[in-house]
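Spelled out, the chains give:
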Amino acid sequence: MRALTYYVAVSLDGFIAGPEGQFDAFVFEGDHMAAINTRFADAIPTSFADALGIAQDRSAFDTVLMGWNTYAVGLPAMPSPYAHLRQVVFTRRDPDPVDGVEFTDRDPVEVVRGLKAEDGAGIWLCGGGALAASLVGEIDRLVLKVNPVLFGDGIPLFGRSGYAPAAFTRTAATAFESGVTLLEYQRGA
């Protein structure tokens, strides 16, 4: 069965973006970039990977899930940001069709369970926090790029979903000189 991985940058105080969707305070330069870009090449926007000469073989992920606000960050410049992946955008809007992007208003849990039953590589939950909250019971792995910055306010890693503890086991932790720490967790006791 395919795994759903929530792979995302996060501030020390648990935000994936500022109140207006800002993410410019995250660390984009430093020793962590090469290591992370090599390991998670499938999670780089296609045009950026092409410009950097980074191969994307869909071995880590072949599907990306996004909420509308996460998807809209690249608009209008990148209407199909991850063209090398199957792109599923959850929205209540009625956007114009975009080649390679599936817009849906279906229940995210239902969609993810269907995707997990299909053959393929991993499923990447790109964001946002409200979508992550709705899918918390389906998330198999967490990969957090913890940045050495406090936001103070913003979009939380997980939106409000009510108190429901779920245990994860840390499987790896890599600290970089840039101050970024890559933390990896697997669902479990």
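Positions within a chain are numbered from 1, following the residues in the order the chain's sequence is written. With the structure being a predicted model, the display of local features is reserved for residues of pLDDT at least 70 and the display and counting of side-chain atom pairs for 80 or more, all residues being used for whole-chain, interface and lining totals. Just so you know, side-chain values use all the structure's heavy atoms and leave hydrogens and water out.

Peer 1: An account of the side chain of H84 is requested, with residue identities and associated values reported.
Peer 2: Helix and strand labels come from DSSP, where a helix needs a run of H or I of at least four residues and a strand needs a run of E of at least two; each type is numbered from the N terminus. Position of H84 relative to the elements: it lies in the loop between α3 (68–72) and β4 (86–90). Polar contact is the term for a pair of N or O atoms within 3.5 Å; when the atoms are in protein, one must be able to donate a hydrogen and the other to accept it, and sequence-neighboring residues count only if both atoms are side-chain atoms. Reaching out from H84, the side chain makes a polar contact with the side chain of T46 at a distance of 2.5 Å. Filtering out sequence-adjacent residues up to four positions away, H84 remains in contact with D42, I44, T46, Q56 and R58. Note on contacts: a residue pair qualifies if any of its non-hydrogen atoms lie within 4.5 Å across the two residues.

Peer 1: I'd like a rundown of the sheet that holds strand β10 (residues 181–187), residues and numbers included.
Peer 2: For two strands to be treated as a pair, DSSP must find at least two bridges joining them. Spatially, β5-β4-β3-β6-β1-β7-β10-β9 is the arrangement adopted by the eight strands of the open sheet, whose pairing is mixed. Every other strand in the sheet has two partners, leaving β5 (101–104) and β9 (168–175) as the edge strands with one partner each. Shown here is a sheet whose adjacent strand axes are inclined to one another by a mean of 20 degrees, direction ignored. Sheet analysis places β9 next to β10, joined by seven bridges and oriented antiparallel. Lines are fitted to the C-alpha atoms to define the axes, a helix being fitted only along its stretch in contact, and any angle between axes, read from their N-to-C directions, falls within 0 to 180 degrees.

Peer 1: Help me get a handle on the nonpolar core, residues and values and all.
Peer 2: The nonpolar side chains of a soluble globular protein tend to be buried, and buried together. Throughout this description, the term nonpolar core refers to a set of buried Ala, Val, Leu, Ile, Met, Phe, Trp, Tyr and Cys residues connected via side-chain atoms within 4.5 Å. When accessible area is computed with a 1.4 Å probe and restricted to protein chains, residues below 20% of their type maximum are described as buried, those above 50% as exposed, and intermediate ones as partly exposed. Counting 23 residues, the largest nonpolar core has L4, Y6, L65, L125, L135 and L157 as the members making the most contacts within it. Where this core is concerned, the elements lending two or more residues are β1 (4–11), β4, α4 (108–117), β6 (122–127), α5 (129–134) and β7 (141–147). Setting aside residues no more than four positions away along its own chain, L125 makes contact with L4, T5, Y6, Y7, L65, L131, A132, L135 and I139. In this structure, A43, M66, V101 and C126 belong to the second largest nonpolar core, which totals 18 residues.

Peer 1: Any chance you could break down the pairing of β6 for me, citing the residues and the numbers?
Peer 2: Where burial is concerned, most of β6 is hidden: six out of the six residues are buried. The sheet contact formed by β1 and β6 spans three bridges and is parallel. Bridge assignment links Y6 to a residue of β6, and that residue is L125. Here strand β3 (residues 61–67) runs beside β6; their pairing, made up of five bridges, is parallel. If you follow V64 over to β6, its bridge partner there is W124.

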